[in-house]
Amino acid sequence: MNDVSDALRLPDADRNNWVDRLAPAWSRPYLKMARIDRPVGWWLLLLPCWWSATLAAIAQGRPWPDPLHMALFFIGAVAMRGAGSTWNDIADRELDARVARTRMRPLPSGQITVFQAFLSLAAQCLVGLAVLLCFNRFAIVLGLLSLAPVAVYPFMKRVTDMPQAVLGLAFAYGALMGWAAACGALAGPAIALYLGAVLWTIGYDTIYAIQDLEDDELVGIRSSARLFGRRVRLAVGLLYAAVVVLFAIALYGAGAGVAGFLGLAGFAGHLAWQTRGIDPAAPERALRLFRSNRDAGLILLAGLLADAATRLV
């Protein structure tokens, strides 16, 4: 890889990511703005959708979630993660230019213009809309409401010490959508799953924000990591404990069995491991812990899928 490509590689992307290695040069700024080179983001948006769809299948006595819904959620998560990230970069382009980790993003580094970014945003939103229109009317309306927290999130770091809470409202929304798509309505288990997923998002994004503590303080960006300070490990541990309780309520309400709760136990163990590893003095570890939430979510999903599959017996 040439020196120019090395200089433009983002520090929170894997060194061997396919965008930097294989994508045409003209497309790289757009793909990076959509975080395609950092797939953990769309995984964290997708997993609550898949949990919710599988939990609905358990509640309905079906042996698996609707495969079409699962595929649509995948497409929608990638598209809307990209759209949300693009909107975030448009709103934050001046702040990003002042933070070491973000100053080489496509907008603050001048690789693309604001107009080009808006065109990319529109294209991704059209893909998300096409996916949403494949669901029932209730799910469509519910999905459109999710745009409110997405729209305001980039500005929250300027006015509140807990912008992660607004991010949670947006990123956890799939916990409602999977159930709504399957059932045409919401119920207690979906609400509990959503509340738990909101707290999960606050927890893992607090870990993520540890990377930028010094720069955020200099620039004036507010975050839960700065708010919790030396007590960040305790705070994340309490958040994660509440996540497990709320998820247990959701599983119980949906009639989940042993396999589902074993998946939840594995998920809880992973969260405990993350909490133990938090160290504000080791920002490089924070990125690894943050990324590991994909694996935590897959553990829970495996338990839910196995639980649903018991309906075949």
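Residues numbered from 1 in each chain as written. Predicted model: local features only at pLDDT ≥ 70, side-chain atom pairs only at ≥ 80, totals over all residues. Heavy atoms only, no water.

Some thoughts on the UniProt feature "transmembrane region" (unreviewed entry) in the protein chain
- Following the UniProt record, the feature "transmembrane region" (unreviewed entry) maps to residues 40-59, 112-132, 138-156, 165-187 and 232-252 here.
- A helix fraction of 100% and a strand fraction of 0% characterise residues 40-59, whose end C-alpha atoms lie 29 Å from each other. (UniProt positions renumbered as here; feature names shortened; annotations may be inferred. Helix = DSSP H or I, 4+ residues; strand = E, 2+ residues; numbered from the N terminus.)

Digging into a nonpolar patch on the surface
- Residues L126, L129, L133, L144 and L147 make up a contiguous nonpolar surface patch of about 470 Å² in total accessible area.
- Along the chain, the position of L126 falls in helix α6 (residues 114-132).
- Given the relative accessible area of 58%, L126 is considered exposed. (Patch = residues over 30% accessible without salt bridge, like charges linked within 9 Å, V, L, I, M, F, W, Y side chains within 5 Å. Areas by Shrake-Rupley, 256 points an atom, 1.4 Å probe, with all protein chains shown as cover. Salt bridge = Lys/Arg side-chain N within 4 Å of Asp/Glu carboxyl O. Buried < 20%, exposed > 50% of the residue type's maximum accessible area, 1.4 Å probe, protein only.)

Considering the packing of aromatic side chains
- According to the stated counting rule, one finds 14 aromatic pairs in the structure shown.
- Between Y173 and Y194, the ring centres sit 6.0 Å apart and the planes meet at 85 degrees, which makes this aromatic pair edge-to-face. One end of the pair, Y173, is in the loop between α9 (163-171) and α10 (174-183); the other, Y194, is in helix α11 (residues 188-209), and 21 residues separate them in sequence.
- Residue classification places Y194 among the buried residues on the basis of a relative accessible area of 12%.
- Among the aromatic side chains, those forming a connected cluster through ring pairs are W51, W200, Y204, Y208, F247, F267 and F290. (Phe/Tyr/Trp six-rings, centres within 6.5 Å; stacked < 30°, edge-to-face > 60°.)

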